[in-house]
Amino acid sequence: MSASVAVYRDIYTEDRFRQTYGTEDQSRGRERLRDRLAQRCSCSQVDCLHLLKKRLPVCSWLPKYKIKKWLLGDIIAGLTVGIVHIPQGTFAVLSLMTGSVVEQLVPIPLGLNSSSPEGAELEAQRIGVASAVAFLSGIMMLCMCGLQLGFLSTYLSEPIVKAFTSAAAFHVTVSQLQSMLGLRLPRYAGVFSLFKTLASVMENVPHTNLAELVISLLCLAVLVPVKEVNSHFRERLSTPIPMEIITVIIATGITYAFSLDSKYDIQIVGHIPAGFPEPRLPALETVPEIAGDTVAITLVAYAVSVSLAMIYADKHGYSIDPNQELLAHGISNTVSSLFTCFPNSATLATTNILESAGGHTQLAGLFTSLVVLIVLLLIGPLFYFLPKAVLACINVTSLRQMFLLFQDLPDLWRISKIDFMVWLVTWLSVVVLNVDLGLAIGVVFSMMTVICRTQRASCSVLGRAANTEIYRSINNHNKCYEVPGVKILTYNGPIYYGNRSFFKADVAQLLGLTPERIRSREKALKAIEKREREAISSVEQGVTDSSFSSKNVLFRSEMAEGEVQAVLIDCSSVIFVDVAGARLFIQMCMECQKIGVRIYLANCNESVLKILTSSGLMNYMNPQHIFVTIHDAVVYIQQQREKPPENNTTVWV
């Protein structure tokens, strides 16, 4: 037996509903605002503890840390990432952008000996500029955190994030090709940098160092299968196989034992400066010159970091705080700039290494830091013979998951072709142009799709499902029928200056209000009004003409049967209206009054109703023509057509 619903109640206009069930007055609203501000400004032990856990996440996860389950994975992942960090910059693209700024301000003259006093002085200046970029980037991030600009990450939609990270992975992979082939080539930055690098590599392929090519092929032959094993048997393995560490140790040992660097001219890590760098101020006098480029570096660093955080948060089922990301990276860049560091961010390769090597918590970062610190202070010389080709292979194989994001494209095409286009435009822009410019194009294109969708939102006619109070589009439901004499319209979007003309055109088309038809209806109404005035004049003079009166009534009834007498606009999907949209409603009311059509509204939210009321719509429209539901309005209109209005109107469904 199917369930049923029976409702018997009064018809509710918005005014009547408020009178019956009440609404929050302004004084109550002010009290709530005052209470909320007081709560925000209050300070208690609970609030302090909450703030501490929010700003120092370690206070939240450390007490819950599962030593037996997580510790070994964190240690191995931390050690692996630490070893990879030793000879490289954090993120290849960010390093290239920083290097471009340094090269502009402090270029290296051709033929300069780096070991000479002039070369050492020039190197110190270049380090100072790079540190100044890191310092300014950190300050910008801290300011963004203070202004709570973390919400900007909401403009990085899922297609943008995945396309951006996948395209950035291509940049990283191409930047590693020269190390895998043993080529010594210049680094390119700026627009078309990926193609410039590829062209340079292809041009110099004949000069490939065969020994380094063999090392690269052997490393790939070992790392790729082990990565697949770790991925497929992740749940069965207590800790993923640390093949990266094993590869580094074996490759370093073989290179040292057989002197591969001297015999085959293999590129090795070489000398690693020992000792902890002394704190010193960066070259702050260069801040005005580097400010523009630093803005781009800051945005790219933040976008990469937040994008990776979003991807892994979605994968492992936790949430992130974008403002906390700004705070963490801001402090990291600001403090590290005092120790001759350049800008840092999360990176695709090491993040993937960390996750695939079994990292579970931020404790892995502690072990990474300890590795780098120990190398700086004690064991740096042990990595002297580590081949750069091995590190390049580790980076490339760790990007496997980023390339697998292409698997989402068929589903994305099936679900939303617009999101597919956002993905494709972002990916192509980042690959073809550059990371920062491509990201900007992707975000702008994504926002343009949103604007276009609100501009061309669908306006459709609703019909009533028989014997129900349910109204659906007559185009999609063949058993929903229009209410005679009433055109029910729904608009699935906001009504604002950007789409008001489209909305007006759609309404005119659905109502069939062509200029010729409007003029004919105006003439018909004027004729009716003239006859009514003549009838009144005849009555006042004591003259009665039953045939004249009956013809007039017949003319009006015939017109009413064939024409729309009322337009009901369902505002349930209208999330907001601006001043231009409100004026359009006034204009529509005035035009409909000229042709004898009344406008009714239903399902208006509070903000829409407030703007419409404040704009003066009630001067052109009866306030009692705004209803809480479509069915209330329809029943009211039908009752008005059938008999004179009564005080106790009801809805029966």
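Identification of the chain as Solute carrier family 26 member 10 from Cyprinus carpio is taken from an unreviewed UniProt entry. Looking at the chain in UniProt, the text filed under Subcellular location (unreviewed entry) is "Membrane".

1. Let's talk about the overall build of the chain
When its secondary structure is counted, the chain shows 27 helices and nine strands. Each of the 653 residues in the chain was classed as buried or not, and the buried ones make up 42%. Counting only contacts in the chain whose residues sit at least 6 apart along the sequence, the fraction spanning at least 24 positions is 80%. With an accessible surface of roughly 35,700 Å², the chain has 61% of that area assigned to carbon and sulfur atoms.

2. Points about the UniProt feature "transmembrane region" (unreviewed entry) in the chain
Those residues carrying the UniProt feature "transmembrane region" (unreviewed entry) are residues 70-87, 127-151, 237-258, 294-313, 363-383 and 418-451 in this numbering. Strand forms 0% of residues 127-151 and helix 80%; the C-alpha atoms that close the span are 33 Å apart. Here residues 363-383 is 81% helix and 0% strand, with 24 Å between the C-alpha atoms at its ends.

3. Describing the nonpolar core
In terms of nonpolar packing, the biggest core is built from 56 residues, with Phe91 and Leu348 touching the most fellow members. If one sorts the elements of this core by residue count, helix α13 (residues 287-316) sits on top with eleven residues. Apart from residues no more than four positions distant in its own chain, leucine 348 is found in contact with Phe91, Thr165, Ala168, Ala169, Val304, Leu308, Leu399 and Met402.

4. Some points on empty space enclosed by the protein
This structure, assessed with the given rule, holds three cavities of 30 Å³ or more. Looking at the largest cavity, its volume works out to about 110 Å³. If you trace the largest cavity, you find 14 residues lining it, with Leu96, His171, Ser175, Tyr188 and Thr197 closest to the centre. Listing elements by their share of the lining of the largest cavity, those giving two or more residues are α6 (92-105), α8 (158-181) and α9 (193-203). Counting residues per element, the lining of the largest cavity draws most heavily on α8, at five residues. Each residue belonging to the lining of the largest cavity can be placed in one class, and the counts come to eight nonpolar, five polar and one charged. By volume, the second largest cavity is sized at about 60 Å³.

5. Some details on the packing of α8 against helix α21 (residues 435-455)
Relative to each other, α8 and α21 sit at 160 degrees, their axes nearing to 11 Å. As judged from the angle between their axes, α8 and α21 are roughly antiparallel. As for the relative orientation of α8 and α21, their crossing is right-handed in sense. Residues Ile160, Phe164 and His171 of α8 touch α21, and the partners they reach there are Val435, Leu439, Gly442, Val443 and Ser446. A class-by-class count of the residues in the contact of α8 with α21 yields five nonpolar, three polar and no charged.

6. Structural notes on the confidence of the model for the chain
Of the residues in the chain, 87% reach a pLDDT of 70 or more, and the chain-wide mean stands at 83. Note on residues 543-560: pLDDT is under 50 here. Beyond four places in sequence and across chains, it has 17 contacts.

7. Quick word on the pattern of salt bridges
Counted by the stated rule, this structure contains 13 salt bridges. Among the salt bridges present, the one from aspartate 10 reaches arginine 16, with a minimum N-O distance of 3.2 Å. For arginine 126, the salt bridge identified is with glutamate 103, shortest N-O distance 3.2 Å. In this pair, arginine 126 sits in helix α7 (residues 117-146) while glutamate 103 sits in helix α6, placing the two residues 23 residues apart along the sequence. We classify arginine 126 as buried; its relative accessible area is 15%. Connected through shared salt-bridge partners, Glu158, Lys162 and Asp408 make up one network.

8. Examining α21
Between its first and last C-alpha, α21 extends 30 Å over 21 residues, near the 30 Å set by a 1.5 Å rise per residue. All buried positions along α21 are accounted for by Val435, Gly438, Leu439, Gly442, Val443, Ser446 and Thr449. Summarising the axial view, the buried residues of α21 lie within an arc of 140 degrees, below the 170-degree limit, and thus occupy one face. Close packing links the buried residues of α21 with α6, α8, α13 and α20 (417-432).

9. Here's the deal with the pairing of strand β2 (residues 459-465)
By the criterion of burial, β2 is predominantly enclosed, with six of the seven residues buried. With four bridges connecting them, β2 and strand β5 (residues 486-491) associate as antiparallel partners. The residue of β5 that forms the bridge with serine 460 is threonine 490. The pairing of β2 with strand β3 (residues 471-473) spans three bridges and is antiparallel. Bridging across to β3, leucine 462 finds its partner in serine 473. Once β2 ends, the chain turns through five residues before running back antiparallel as β3, passing asparagine 467 with a positive phi of about 60 degrees. Note that β2 and strand β4 (residues 480-481) share two bridges and pair antiparallel.

10. Focus on the packing of aromatic side chains
Taken as a whole and judged by the stated rule, the model has 20 aromatic pairs. Taking 5.7 Å as the distance between ring centres and 85 degrees as the angle between the ring planes, the aromatic pair formed by tyrosine 12 and phenylalanine 17 counts as edge-to-face. With a centroid separation of 5.3 Å and 65 degrees between ring planes, the pair formed by phenylalanine 406 and tryptophan 423 is classed as edge-to-face. Here the residue phenylalanine 406 occupies a position in the loop between α18 (400-403) and α19 (409-415), and tryptophan 423 occupies one in helix α20, the gap between them amounting to 17 residues. Assessed through its relative accessible area of 27%, phenylalanine 406 is described here as partly exposed. A network of ring pairs unites the aromatic residues Phe170, Phe403, Phe406, Trp423 and Trp427 as a single cluster. Its guanidinium or amino end placed over the ring of tryptophan 413, lysine 417 lies 4.9 Å from that ring's centre, counting from NZ or CZ.

11. Here we look at unusual backbone geometry
Positive phi, close to 55 degrees, is recorded for glutamine 148, a residue that is not glycine. The residue glutamine 148 is located in the loop between α7 and α8 in this model. Looking at glutamine 148, the relative accessible area reads 40%, which means it is partly exposed. Positive phi is not limited to glycine here, since asparagine 603 has a value of about 60 degrees.

Calculation notes
Residues numbered from 1 in each chain as written. Predicted model: local features only at pLDDT ≥ 70, side-chain atom pairs only at ≥ 80, totals over all residues. Heavy atoms only, no water. UniProt positions renumbered as here; feature names shortened; annotations may be inferred. Helix = DSSP H or I, 4+ residues; strand = E, 2+ residues; numbered from the N terminus. Buried < 20%, exposed > 50% of the residue type's maximum accessible area, 1.4 Å probe, protein only. Contact = heavy atoms within 4.5 Å. Areas by Shrake-Rupley, 256 points an atom, 1.4 Å probe, with all protein chains shown as cover. Core = buried A, V, L, I, M, F, W, Y, C linked by side-chain atoms within 4.5 Å. 1 Å grid on protein atoms, 1.4 Å probe; cavity = no way out; pocket = protein on both sides within 12 Å on 5 of 7 lines; lining within 4 Å. Points joined across faces, edges and corners; volume = space filled by probe spheres on them. Nonpolar A, V, L, I, M, F, W, Y, C, P; charged D, E, K, R; others polar. Axes fitted to C-alpha atoms, helices over the stretch in contact; angles between N-to-C directions. Parallel < 35°, antiparallel > 145°, perpendicular 65-115°, else oblique. Left-handed = near helix turned anticlockwise from the far one by under 90°. pLDDT = per-residue confidence, 0-100. Salt bridge = Lys/Arg side-chain N within 4 Å of Asp/Glu carboxyl O. Expected span 1.5 Å × (residues − 1). Arc of directions from axis to C-beta. Pairing = 2+ DSSP bridges. Phe/Tyr/Trp six-rings, centres within 6.5 Å; stacked < 30°, edge-to-face > 60°. Lys NZ or Arg CZ within 6 Å of the ring centre and 35° of its normal.

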